[in-house]
Amino acid sequence: MAEESSDESRPLLNGDQTKAGPSDGSALKGVMQHQTQTYGLSKCTRRGACGAILLSVMFERLTFYGISSNMVLFLNGTPFSWKAYDAAGAILLFLGISYAFSVVGGLIADTLLGRFKTIMLSFVIYIIGSIILVMIGYVSLDDKEKFGNFFCNGTRAQQGSNYCSWAVYVSLITLAIGSGAVRVNMPPFGGDQVRFEGPEIMRMFFNWFYWAINVGSLIAMAGITTLQQNLNFFYGFLVPLGSLVLAAGIFLVGRTWYLSRKPMGSVLTNTMKIIFEAFRKRRMRETVNARPDSSQLLSSQPKPSFLDMAKVRFGGSFHESMVDDVKSLKKIILVFLGLTPYWVVYFQMQTTFLIQGLSMRFSPDYNKTDHVHPAIKFQIPIAWLSLFDIIAVILLLPFLDRIIYPWLDRHGVNFTLLRRMTLGMVFSILAMITAGVLEHVRLEWAHDPSHQMINQTIGNTTYIGADIWVFWQIPQYTLIGFSEVFASVAGLEFAYAMAPRSMQGLIMGLYYSTIGLAALLGGAILKVTTLPSINWLIGNPYKGRLDLYFYMLAVGQAVALIVFAAVTLVHESKERRQRAGMVINRQGTEERTLTGT
């Protein structure tokens, strides 16, 4: 495995450097020599490295979605008998920890182990969690009650609802830690393999990367969920375990092909030093801005900000680029937090959308005459509806990339990343409204005396539902897919594009951590709905007010959208003024040069 020298790192990682680099062409020559040294690897080898990473990502995503897609159904059924909101809360906890741990995984890779070792260690933790989950799946088999009493430390009668909760939470938390660290380090590690190949190759790699994610998701949704719902969860969890071992093996086999960067030291340490020094010099900033001649000295640039006082030219100890890297964190974090309500909506696909689907007809051969579900017949997996989200992404993404975005560029329309995120939020609001309307119709059907509810069995668990075809959920899943193409893809691109090289792992970790925050927030909201003063009875096919829950999320996202759009307009207006000011200053400099003043 080829390694880059740590000398290539950005200044943020060199705490005592303050000297400017050479001003002649030797810097460019050094960069070219560095590229030649690091890319002594052949083109075929680099393709092999990228191929190994993409295959590993595909099989890892197959595992992740194979585990998470039907977890609500698994915990809600026998022998575990978790309440619907507890099962949804457990999967939201898993998703929250998985995404939140990303920042820790990114920091470990950046400062201690490097990306390759961090990913391999994460795969080991990931596999351990998956093995525990397979054992829990074994407990769910009809004739394994004795093993279940031993493994779960008690009988089903003793523990009642939420049976085997300790093992479930240990498994989910272990899986979350492993998957979070793998997720955050795979994109930048893959980007390192093509970083000197130019922007077109970089964009091509990330397009393939996103496709690999969706192909893995597609296989999981179409195949694994069918196995789980129509056979059993033991084999339904055993296949994802095999896929995860295969992903780790493929990634390990590609070790000799990878270009890997060494860990570059603690970013957080220098960041805190910069903030502390700027705080100590806050009074000096007031003095600089109040000087009579400061308007002339600083007329060609904005007044120094709070963090600028840590720069060398203002008497601080840190290089310009070091401070600018830290300053960029403010904008990045604000954008990430602005996306939090969107992610709360997005995670409904894996929680409340499934609960809603279980209260609808999901058996194509259901006998409407006597309202008896056939004993052994094929059933539409509830998680299949997520396929329409994936299909929307797979079809719409290349259409936008090849046709719509180039057309907008040719006509001078600047469809920025922030605008794409805003449009994605609009689609998420429409998805929640659509889901709320469908749930309202379902409740009216259930309350109509002329209609009879139907019983459908999955394993040993019977679900009561309205005789409304579950495929009526397709519009809400598709709208979530549309929102993902704009908000999710733009958010990932924003995180990668805006992150300074020295803080790439940290920024990517922060991006995924805000997604985890949204999952935990969604779990908290579900808990609030169970309070006696609210008591929306989510999961109850007769009295549950899932429609109000969807409408509440739509209103919350609408409020967040208004704030996000307003901030975006202010930011874009500020950038236009800054660009105009730079042009004026440059023209003034040229005029003074020509006149000899």
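Anything mentioned here points back to the structure above.
Here goes a summary of the coordinates provided. Remember, it's a predicted structure, so these values are computed and weren't measured experimentally.

Parameters and conventions
- Residues numbered from 1 in each chain as written.
- Predicted model: local features only at pLDDT ≥ 70, side-chain atom pairs only at ≥ 80, totals over all residues.
- Heavy atoms only, no water.
- 1 Å grid on protein atoms, 1.4 Å probe; cavity = no way out; pocket = protein on both sides within 12 Å on 5 of 7 lines; lining within 4 Å.
- Points joined across faces, edges and corners; volume = space filled by probe spheres on them.
- Helix = DSSP H or I, 4+ residues; strand = E, 2+ residues; numbered from the N terminus.
- Nonpolar A, V, L, I, M, F, W, Y, C, P; charged D, E, K, R; others polar.
- Buried < 20%, exposed > 50% of the residue type's maximum accessible area, 1.4 Å probe, protein only.
- Salt bridge = Lys/Arg side-chain N within 4 Å of Asp/Glu carboxyl O.
- Phe/Tyr/Trp six-rings, centres within 6.5 Å; stacked < 30°, edge-to-face > 60°.
- Pairing = 2+ DSSP bridges.
- Contact = heavy atoms within 4.5 Å.

## Quick look at empty space enclosed by the protein
(1) Moving on: With the rule as written, the count across this model stands at three cavities of 30 Å³ or more.
(2) Moving on: As a volume, the largest cavity reaches approximately 410 Å³.
(3) Moving on: Looking at the largest cavity, it is lined by 27 residues, and the ones nearest its centre are Arg61, Tyr65, Tyr99, Tyr210 and Ile213.
(4) Moving on: The set of elements that each furnish at least two residues to the lining of the largest cavity consists of helix H2 (43–68), helix H9 (165–193), helix H10 (199–230), helix H16 (340–346), helix H18 (386–410), helix H20 (474–498) and helix H21 (504–528).
(5) Moving on: With six residues, H10 is the single largest residue contributor to the lining of the largest cavity.
(6) Moving on: Along the lines of polarity and charge, the residues of the lining of the largest cavity split into 18 nonpolar, four polar and five charged.
(7) Moving on: Around the second largest cavity, the lining comprises 11 residues; the ones closest to its centre are Ala109, Asp110, Arg115, Arg261 and Lys262.
(8) Moving on: Of all the secondary-structure elements, those providing two or more residues to the lining of the second largest cavity are helix H5 (102–113), H9 and strand S2 (259–261).

## What to know about the environment of Leu259
(1) Moving on: The residue Leu259 is located in strand S2 in this model.
(2) Moving on: With a relative accessible area of 2%, Leu259 lands in the buried category.
(3) Moving on: The spatial distance from the C-alpha of Leu259 to the C-alpha of Asp192 is 6.9 Å, given a sequence separation of 67 residues.

## Brief notes about the pattern of salt bridges
(1) Moving on: Using the criterion set out here, one finds five salt bridges in the structure.
(2) Moving on: With a closest N to O distance of 2.8 Å, Arg61 and Glu60 form a salt bridge. The same class applies to Arg61 as to Glu60, namely buried.
(3) Moving on: Where Arg442 meets Glu439, a salt bridge forms, and the shortest distance between an N and an O atom there is 3.1 Å. Of this pair, Arg442 and Glu439 are both found in helix H19 (residues 417–447), three residues apart, which corresponds to roughly one turn of the helix.
(4) Moving on: With a relative accessible area of 3%, Glu439 lands in the buried category.

## Quick look at the packing of aromatic side chains
The description of two aromatic rings rests on the distance between their centres and on the angle between their planes.
(1) Moving on: Under the criterion given, the structure shown has 38 aromatic pairs.
(2) Moving on: On the numbers, 5.3 Å between centres and 65° between planes, the contact of Tyr138 with Phe234 is edge-to-face. On the criterion of sequence distance, the pair formed by Tyr138 in helix H6 (residues 115–139) and Phe234 in helix H11 (residues 233–253) is long-range, its members being 96 residues apart.
(3) Moving on: Looking at Phe234, the relative accessible area reads 15%, which means it is buried.
(4) Moving on: Every member of this aromatic cluster is reached through a ring pair, and the members are Tyr99, Phe336, Tyr342, Trp343, Tyr346, Phe347, Phe494, Tyr511 and Tyr512.

## Regarding the pairing of strand S4 (residues 461–465)
(1) Moving on: Here S4 shows a buried face lined by Thr461, Tyr463 and Gly465 and an unburied face lined by Thr462 and Ile464.
(2) Moving on: Pairing of strand S3 (residues 454–458) with S4, which is carried by five bridges, proceeds in the antiparallel orientation. What sits directly across from Gln456, in S4, is Tyr463.

## Some points on the side chain of Gln557
(1) Moving on: Its place among the elements puts Gln557 in helix H22 (residues 546–595).
(2) Moving on: Those residues in contact with Gln557 that sit more than four places away from it in its chain are Pro341, Tyr342, Val345, Met425, Ser428 and Ile429.

As far as function goes, none of this settles anything; it's purely spatial.
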